Amino acid sequence: MSISANGKSLNTMTVPSQQLPVSYTPDVVVVGGGPTGIAAAMAAARNGADTLLIEQRGYLGGMGTAALVPAFCPYTDGEKPVIRGIGLDLLERMKQEAGADFLNRYKDRLDWVPIDVETLKRVYDDAVLASGAKLLFHTFADQVLLDGDRIQGLVISNKTGRSVVQAKLYIDATGDADLAALAGVPFQVGGEESELQPGTMCYVVTGADKSRFDRFIQETGQGGQLEKTIVEAQQNGDLPDGRKRISGIAWISDTVAGFNFGHIFGIDGSKAEDLTRAAVEGRRLIETQIRFLRKYVPGFENAHLVHSGDQIGIRETRRIAGDYTLVVDDFLSMRTFEDDIARNSYFIDIHLANATSTMTIKHLPKGQSHGVPYRCMLPQGKSNLIVAGRSVSSDRPVQGSLRVMPNCFAMGQAAGTAAAMLSVTGGGFRDIPIRELQSKLIEQGAWLGERPGQADGGVTVAAGHVTYDEENE
Ligand SMILES: Cc1cc2nc3c(=O)[nH]c(=O)nc-3n(C[C@H](O)[C@H](O)[C@H](O)COP(=O)(O)OP(=O)(O)OC[C@H]3O[C@@H](n4cnc5c(N)ncnc54)[C@H](O)[C@@H]3O)c2cc1C
């Protein structure tokens, strides 16, 4: 027999039905251990729910560790922190644990703080385990068992075998809305012509000389995005066409730096074949870039590649159809919603879909943000499933803003807190008493805007110390 998929005819085989053991029965299961899933699991466990966090890799962090995304996007609106709570706490813990030199450099900074990957992985392990959540690594969720609008179980695969996780509530923090897609929730991928933001294979180099590099930037009068130098190298055929600037160099020390540089186009991160091609092309591009750095960029003559991403960094895949779709007009008019569970001030940052198109960037005024309503996380037609993070219900421009890590922490914290509340009272995610959820989030450090009764204190970093020094991710 054959079926048609993506215009291709595929042969099919019938797989015999299986009796699977039930391996876990938590109140709340979180699938995906990126920023969203980490905050969701911590919030659910801290609020008393028996919580299991499932992650396909052997460590937490998602794009920030697996794909080596080199820095956290701004936590502030340029004047004050907008993302607080669990996300801000984890940022501060990474700074504290990354050593005296790192702490000295970045202690007063909340925007574009570089990621010290190995420290961050350990900080995440410790924080999740301390919250009381259980961790299950090397495990992939690949099937949902449905009964009407409810998920009854989640099939997982790992070295132990296949089994079912039976939870009361399910949090999809896969970044790709895998659970929602498996459950038949409608979704969109990319733009009107299915165009997608490109992927980037990020990496870390050692052997650099920061002071020499800084002098070069000063002398050439170009910013850290190296625009003049990149254009020159492209004209000489030493770099491929495409974006004429680097997204920024994240200095972990005077000799070690993380790079988010260049693009791999036409990658759908929900397809293994595309991820495979991107891995190969990404590593080839890095080799070209290292040659470029050594030849053109003083301070990088002796640069040595130590690590590239386990996978290509993926900026967008599915966006679910939710009870509310956050649109660009909400962003530009800085709307506040009755059911806000977070605020967002990061700009619209849509990377070019091919080598000849342009970036779309739109900033909000300093000090401004918009609300992120709870309903964006509620997938149509499912009651005990919530989707948080990169793939919530939004139009494409808003996804280009909401997708960054600080926002994902905030959405994850809200989803996890809601799940813990419902694990006691019963009911699905639409049964949440929204005022109670908002109060709990505020009590536990989140910021939902200037609301009566919420003091602006409690955050130790003075707004005047915040620095912006990069233009986009
Ligand atoms: C190149 C690039 C540069 C970026 N730059 C920045 C930046 O400078 N600053 C910033 O803040 N943000 C940046 N971002 C955005 C940000 O990193 C991501 O959007 C963010 O990490 C999304 O968080 P998430 O938790 O929703 O998903 P992810 O970080 O993707 O985490 C999802 C996790 O779920 C796991 N998973 C997925 N499916 C399954 C499954 N079926 N079973 C089990 N586990 C599963 C994955 O292994 C992963 O660990 C960048 C992104 C890219 C790609």
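Residues numbered from 1 in each chain as written. Predicted model: local features only at pLDDT ≥ 70, side-chain atom pairs only at ≥ 80, totals over all residues. Heavy atoms only, no water.

1. Side note on the packing of aromatic side chains
Test applied: Side-chain rings of Phe, Tyr and Trp (the six-membered ring for Trp) are treated as a pair once their centres are within 6.5 Å; stacked means planes under 30 degrees apart, edge-to-face means over 60, and tilted covers the remaining angles. Partly exposed describes any residue whose relative accessible area lies between the buried limit of under 20% and the exposed limit of over 50%, with all areas from a 1.4 Å probe on protein chains only and scaled to the type maximum. The criterion is that NZ of a Lys, or CZ of an Arg, lies within 6 Å of the ring centre and within 35 degrees of the ring normal, and then a charge sits over that ring.
Using the criterion set out here, one finds 14 aromatic pairs in the structure. Relative to tyrosine 75, the ring of phenylalanine 72 has its centre 6.2 Å away and its plane inclined at 70°; by these criteria the two rings are edge-to-face. By relative accessible area, which is 1% here, phenylalanine 72 ends up buried. According to the relative accessible area criterion, tyrosine 75 is buried, its value standing at 1%. Site record: aromatic cluster; members linked through ring pairs are Tyr203, Phe213, Trp251, Phe259 and Phe300. Over the aromatic face of tyrosine 59 sits the side chain of lysine 121, whose NZ or CZ is 4.3 Å from the ring centroid.

2. Remarks on empty space enclosed by the protein
Our working definition: Whether a set of points on the 1 Å grid over the protein atoms alone is a cavity depends on a 1.4 Å probe fitting there but being unable to get out, while an open set qualifies as a pocket with protein on both sides within 12 Å along at least five of seven lines; lining residues are those with an atom within 4 Å of a point. Grid points are joined across faces, edges and corners, and a volume is the space filled by probe spheres set on the points. Runs of H or I in DSSP of at least four residues are treated as helices and runs of E of at least two as strands, each being numbered from the N terminus. Basically, the charged four are Asp, Glu, Lys and Arg, the nonpolar ten are Ala, Val, Leu, Ile, Met, Phe, Trp, Tyr, Cys and Pro, and anything else, Gly included, counts as polar.
One pass over the full model with this rule turns up three cavities of 30 Å³ or more. Forming the walls of the largest cavity are Val82, Ile83, Arg84, Ile341, Ala342, Arg343, Ala410, Ala446, Trp447 and Leu448. Broken down by element, the lining of the largest cavity gets its largest block of residues, three residues, from strand E19 (residues 340–344). Its residues assigned to classes, the lining of the largest cavity shows eight nonpolar, no polar and two charged. Considering the residues around the second largest cavity, the lining is formed by Leu68, Val69, Pro70, Ile115, Val117, Val204, Ile252 and Gly258.

3. Quick look at the domain arrangement of the protein chain
Cut-off, in case you're wondering: The split of the chain into domains comes from an automatic or database domain assignment. Whether two residues touch is decided by their heavy atoms; if any such pair falls within 4.5 Å, the residues are in contact. As used here, buried area is the combined drop in accessible area, with a 1.4 Å probe, of two parts when they are placed together. For this document, the term salt bridge refers to a Lys or Arg side-chain nitrogen within 4 Å of an Asp or Glu carboxyl oxygen. In protein, a polar contact means a hydrogen-donor-capable atom and an acceptor-capable atom, both N or O and within 3.5 Å, with residues adjacent in sequence counting only if both atoms are side-chain atoms; elsewhere, any N or O pair within 3.5 Å suffices.
According to the domain assignment, the protein chain contains domain 1 (19–192 + 315–473) and domain 2 (203–308). Spacing between the C-alpha centres of domain 1 and domain 2 amounts to 28 Å. The partner domain 2 presents 26 residues to the 25 residues of domain 1 that form the contact. In total, about 1,900 Å² of surface goes out of reach between domain 1 and domain 2, with carbon and sulfur atoms giving 52% of it. Counting across the interface, domain 1 meets domain 2 through one salt bridge. When the shortest N-O distance is used, the salt bridge between aspartate 254 and arginine 105 registers 2.9 Å. The tally of links from domain 1 across to domain 2 stands at four residue pairs in polar contact (both at pLDDT 80 or more). Looking at the side of domain 1 that touches domain 2 residue by residue, the class counts come to 12 nonpolar, four polar and nine charged.

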